[in-house]
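The residues making up each chain are set out below.
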Amino acid sequence: MRLRVQACGVCHSDASTVEGAFPIAWPRVPGHEAVGVIDTIGDHVEGWTLGQRVGVGFLGGSCGHCEECRRGDLVNCRNQEFTGVHHDGGYAQSMLARASGLVSVPDSLSSEAVAPLLCAGLTTFSALRNSPARFRIVLTM
Ligand SMILES: [Zn+2]
Ligand SMILES: [Zn+2]
């Protein structure tokens, strides 16, 4: 998939890539909180449409066939690439992304509002979801 990037958040991990915490083959375009519009769909890709607004985060997409994927543990896919680390990210006018790494973006949210949710927001939400604390989520969209 090729996305025409509309917004990309800035994550501390982007600084880590620049500072060498992740092994990167330079040159590399950072940015793993990207929102954009699909302008090219690869062969054999289903479920996405041209012009659809989507997001891509740090986990660039699972392979669907490794042992972890077959168990439904997509986050730990052995063949997962990290956006902005293994392939170019969203600090560009366009970027390539695996279809399995995309999330659909609702029309009710701006691209600028959604971009930081794709890593920082997900990290915070996951911590709350997996904590023993009890809370109630109220969505007002
Ligand atoms: Zn996999
Ligand atoms: Zn991040």
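Here the structure is a predicted model, which is why all the values come from computation and not from measurement.

**Side note on the coordination of the zinc ion (ligand 2)**
Point 1. Protein ligation of the zinc ion (ligand 2) involves C11 (SG), H32 (NE2) and C119 (SG), the donor distances falling in the range 2.0 to 2.2 Å.
Point 2. In primary sequence terms, the donor set of the zinc ion (ligand 2) follows C-x20-H-x86-C. With H32 in the loop between helix 1 (12-19) and strand 2 (34-40) and C119 in the loop between helix 3 (111-114) and helix 4 (120-130), the pair connects residues that are 87 residues apart, well separated along the chain.

**Some remarks on the layout of surface pockets**
Point 1. Approximately 540 Å³ is the volume attributed to the largest pocket.
Point 2. Taken together, 20 residues make up the lining of the largest pocket; nearest its centre are G57, L59, V75, L118 and L122.
Point 3. At the level of elements, strand 3 (53-56), strand 5 (102-104) and helix 4 are the ones that each hand at least two residues to the lining of the largest pocket.
Point 4. Counting residues per element, the lining of the largest pocket draws most heavily on helix 4, at three residues.

**Here's the deal with the UniProt feature "domain: Alcohol dehydrogenase-like N-terminal" (unreviewed entry) in the protein**
Point 1. Here the UniProt-annotated "domain: Alcohol dehydrogenase-like N-terminal" (unreviewed entry) positions come out as residues 2-107.
Point 2. From the first C-alpha to the last, residues 2-107 spans 20 Å; its make-up is 11% helix and 23% strand.

Rules used throughout
Residues numbered from 1 in each chain as written. Chains lettered and ligands numbered in written order. Predicted model: local features only at pLDDT ≥ 70, side-chain atom pairs only at ≥ 80, totals over all residues. Heavy atoms only, no water. Donors = N, O, S within 2.8 Å, 3.2 Å for Na, K, Ca; no water. Helix = DSSP H or I, 4+ residues; strand = E, 2+ residues; numbered from the N terminus. 1 Å grid on protein atoms, 1.4 Å probe; cavity = no way out; pocket = protein on both sides within 12 Å on 5 of 7 lines; lining within 4 Å. Points joined across faces, edges and corners; volume = space filled by probe spheres on them. UniProt positions renumbered as here; feature names shortened; annotations may be inferred.

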